[in-house]
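What follows is each chain in one-letter form.
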Amino acid sequence: MAALAVIDGLDPSTGSKAIKRLSGGVAMVREVMAAGAWLTHFQIQRQVANLPAGKHFSESGISARVRDQRKAKNGAHIVNRRIRPGTTHLFEYQLVLNTPGGAQ
């Protein structure tokens, strides 16, 4: 299944329904972050759930899908990270698409 190439470390016994859900998360996170706004994992999680075909993913799952955006097989996009202004431990992330039309 093509999704196996998208998800590293996937248990071989994972069912096809779970594979489809997890592989769709990479595209949904990219769709939410494509505008280039700075977002926390919680904000990304909430926006992914609100997409027309959206699903609820845990914050750790969202974190993994954000990291997946950096991988060559997912576009080798740039993911910037910073501490949210006014906080000491809350990180937010920005996606810069690796395409000619990507947000700069």
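Further up the page is the structure itself.
All values reported here derive from a predicted model rather than from experimental measurement.

Conventions used here
- Residues numbered from 1 in each chain as written.
- Predicted model: local features only at pLDDT ≥ 70, side-chain atom pairs only at ≥ 80, totals over all residues.
- Heavy atoms only, no water.
- Axes fitted to C-alpha atoms, helices over the stretch in contact; angles between N-to-C directions.
- Helix = DSSP H or I, 4+ residues; strand = E, 2+ residues; numbered from the N terminus.
- Parallel < 35°, antiparallel > 145°, perpendicular 65-115°, else oblique.
- Contact = heavy atoms within 4.5 Å.
- Nonpolar A, V, L, I, M, F, W, Y, C, P; charged D, E, K, R; others polar.
- Phe/Tyr/Trp six-rings, centres within 6.5 Å; stacked < 30°, edge-to-face > 60°.
- Lys NZ or Arg CZ within 6 Å of the ring centre and 35° of its normal.
- Polar contact = N/O pair within 3.5 Å; in protein donor to acceptor, adjacent residues only side chain to side chain.
- Core = buried A, V, L, I, M, F, W, Y, C linked by side-chain atoms within 4.5 Å.
- Buried < 20%, exposed > 50% of the residue type's maximum accessible area, 1.4 Å probe, protein only.
- Salt bridge = Lys/Arg side-chain N within 4 Å of Asp/Glu carboxyl O.

A.B. asks: It is not clear to me how the packing of helix α3 (residues 41-49) against helix α4 (residues 59-68) should be interpreted in this structure. Could you clarify?
C.D. replies: The packing of two helices is summarised by the inter-axis angle and the distance between the axes. Running from amino to carboxyl end, α3 crosses α4 at an angle of 95°, the nearest separation of the two axes being 9 Å. Taken together, the axis directions place α3 and α4 in an arrangement best described as roughly perpendicular. Taken together, the residues of α4 that come into contact with α3 (itself represented by His41, Phe42, Ile44, Gln45 and Val48) are Glu59, Ile62, Ser63 and Val66. Partitioning the contact of α3 with α4 into residue classes produces five nonpolar, three polar and one charged.

A.B. asks: Is there a simple way to explain the packing of aromatic side chains in this structure?
C.D. replies: Each aromatic ring pair is summarised here by two numbers: the centre-to-centre distance and the angle between the ring planes. In total, this model carries zero aromatic pairs according to the counting rule given. Sitting over the face of the ring of Phe91, Arg81 holds its NZ or CZ atom 4.4 Å from the ring centroid. In this structure, Arg82 is placed above the aromatic ring of Trp38, and the distance from its NZ or CZ to the ring centre is 4.1 Å.

A.B. asks: Which parts of the structure should I look at to understand the side chain of Arg65?
C.D. replies: The topology assignment puts Arg65 in helix α4. Only 2.9 Å separates the side chain of Arg65 from the side chain of Asp68, close enough to count as a polar contact.

A.B. asks: Would you mind showing me how to read the nonpolar core here?
C.D. replies: In a soluble, globular protein the nonpolar side chains are often hidden away together inside. Ranked by internal contacts, the top residues of the largest apolar core, which has 15 residues, are Val29, Val32, Met33, Ile44, Val48, Ile62 and Val66. Every element with two or more residues in this core is listed here: α2 (16-33), α3, α4 and β2 (91-96). When residues in this core are grouped by element, the largest group, four residues, is from α2. If we ignore the near neighbours within four places in the chain, the residues touching Val29 are Ile44, Val48, Ile62, Arg65, Val66 and Gln69.

A.B. asks: I would appreciate a short explanation of the pattern of salt bridges in the present structure.
C.D. replies: It is possible for side chains of opposite charge to pair when their charged atoms get near one another. A full pass over the atoms with the stated rule returns four salt bridges. A salt bridge links Arg82 to Glu92; the shortest N-O distance between them is 2.7 Å. Of the two residues, Arg82 sits in strand β1 (residues 78-83) while Glu92 sits in strand β2, which places them ten residues apart along the sequence. We classify Arg82 as partly exposed; its relative accessible area is 33%. For Glu92, a relative accessible area of 3% puts it in the buried group.

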